[in-house]
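# Observations on the model geometry
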Amino acid sequence: MAVRAIRALLVASPALVAIVPAAKIVFGVVPQATILPAISIMHVSTFPESTIDAQSAATLSTSRVQVTAMAKDYATIKAILAASRLACQFKRGTLGGVSVAAITVDTVGPDFQSDDALIFYQSIDFKVTFEQPNQ
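Residues numbered from 1 in each chain as written. Predicted model: local features only at pLDDT ≥ 70, side-chain atom pairs only at ≥ 80, totals over all residues. Heavy atoms only, no water.

Helices and strands together make up the secondary structure of the protein chain, namely three helices and seven strands. In the protein chain, the succession of helices and strands from N to C terminus is α-α-β-β-β-α-β-β-β-β. Here the protein chain has a C-alpha radius of gyration of 16 Å; the compact-globule value for 135 residues is 14 Å, and the two agree. Projected onto its principal axes, the C-alpha positions of the protein chain cover 55 × 25 × 25 Å. Counting only residues that meet the buried cut, the protein chain has 39% of its 135 residues in that class. Taking as baseline every contact in the protein chain between residues at least 6 positions apart, the subset at least 24 positions apart corresponds to 59%. Carbon and sulfur atoms make up 59% of the accessible area of the protein chain, which amounts to about 7400 Å² in all. Looking at the protein chain, you have 10 positive and 9 negative side-chain charges, and the mean spots of the two groups are 7 Å apart. (Helix = DSSP H or I, 4+ residues; strand = E, 2+ residues; numbered from the N terminus. Rg over C-alpha atoms; globule rule 2.2 N^0.38 Å. Buried < 20%, exposed > 50% of the residue type's maximum accessible area, 1.4 Å probe, protein only. Contact = heavy atoms within 4.5 Å. Areas by Shrake-Rupley, 256 points an atom, 1.4 Å probe, with all protein chains shown as cover. Lys, Arg positive; Asp, Glu negative; His and termini not counted. Charge placed at Lys NZ, Arg CZ, Asp CG, Glu CD.)

Mapped onto the secondary structure, Thr-76 falls in helix H3 (residues 74–88). Given a relative accessible area of 19%, Thr-76 falls into the buried group. Not counting residues up to four positions away in its chain, the partners in contact with Thr-76 are Ile-19, Pro-37 and Ala-71.

Another point: the packing of helix H1 (residues 2–11) against H3. Interaxial distance between H1 and H3 falls to 9 Å at its minimum, and their mutual angle equals 110°. Taken together, the axes of H1 and H3 are roughly perpendicular relative to one another. Our pair here, H1 against H3, has a crossing hand that is right-handed. Here Ile-6, Leu-9 and Leu-10 of H1 lie close against H3, whose contacting residues are Ser-84, Ala-87 and Cys-88. Here the contact of H1 with H3 is composed, by residue class, of five nonpolar, one polar and no charged. (Axes fitted to C-alpha atoms, helices over the stretch in contact; angles between N-to-C directions. Parallel < 35°, antiparallel > 145°, perpendicular 65-115°, else oblique. Left-handed = near helix turned anticlockwise from the far one by under 90°. Nonpolar A, V, L, I, M, F, W, Y, C, P; charged D, E, K, R; others polar.)

By the burial criterion, the buried members of H1 are Ala-2, Val-3, Ala-5, Ile-6, Leu-9 and Leu-10. Considered in projection along H1, the buried side chains sweep an arc of 160° and stay on one side of the axis. (Arc of directions from axis to C-beta.)

Right, let's get into unusual backbone geometry. Of note, the bond from Leu-36 into Pro-37 is cis; its omega dihedral lies within 30 degrees of zero at 15°. Positive phi, normally seen in glycine, also occurs at Phe-90, with a value near 65°. Relative to the helices and strands, Phe-90 is located in the loop between H3 and strand S4 (93–95). Classification of Phe-90 by relative accessible area gives exposed; the value is 64%.

This is the structure in structure tokens:
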């Protein structure tokens, strides 16, 4: 659920979509034939917050969502990460159909590059606190 909220914010950001078209902001692994730049959004972990009312329709949970920028040059991944941070940091409300209480930056990963594939990549992780329906 948290990945839907993050993608909704990313594709709604004019600054980010000017760098990475919305069609290249994907859940999971970016297909190998994709022309860069692109963004991969992946779920890392989820844990429930302390439940106050076991009979409530939803429980607050916090997920860690990793946003990985991939590009052919270093400057572009830095621009993608900066735009991603601005698009997501401190947002809340109904985002991608998910009731979000808060989004904050968790960690920013190291710089990587693949000399063989001529790809630069780096990730930023967001903590997304949201209402998860009790099943």
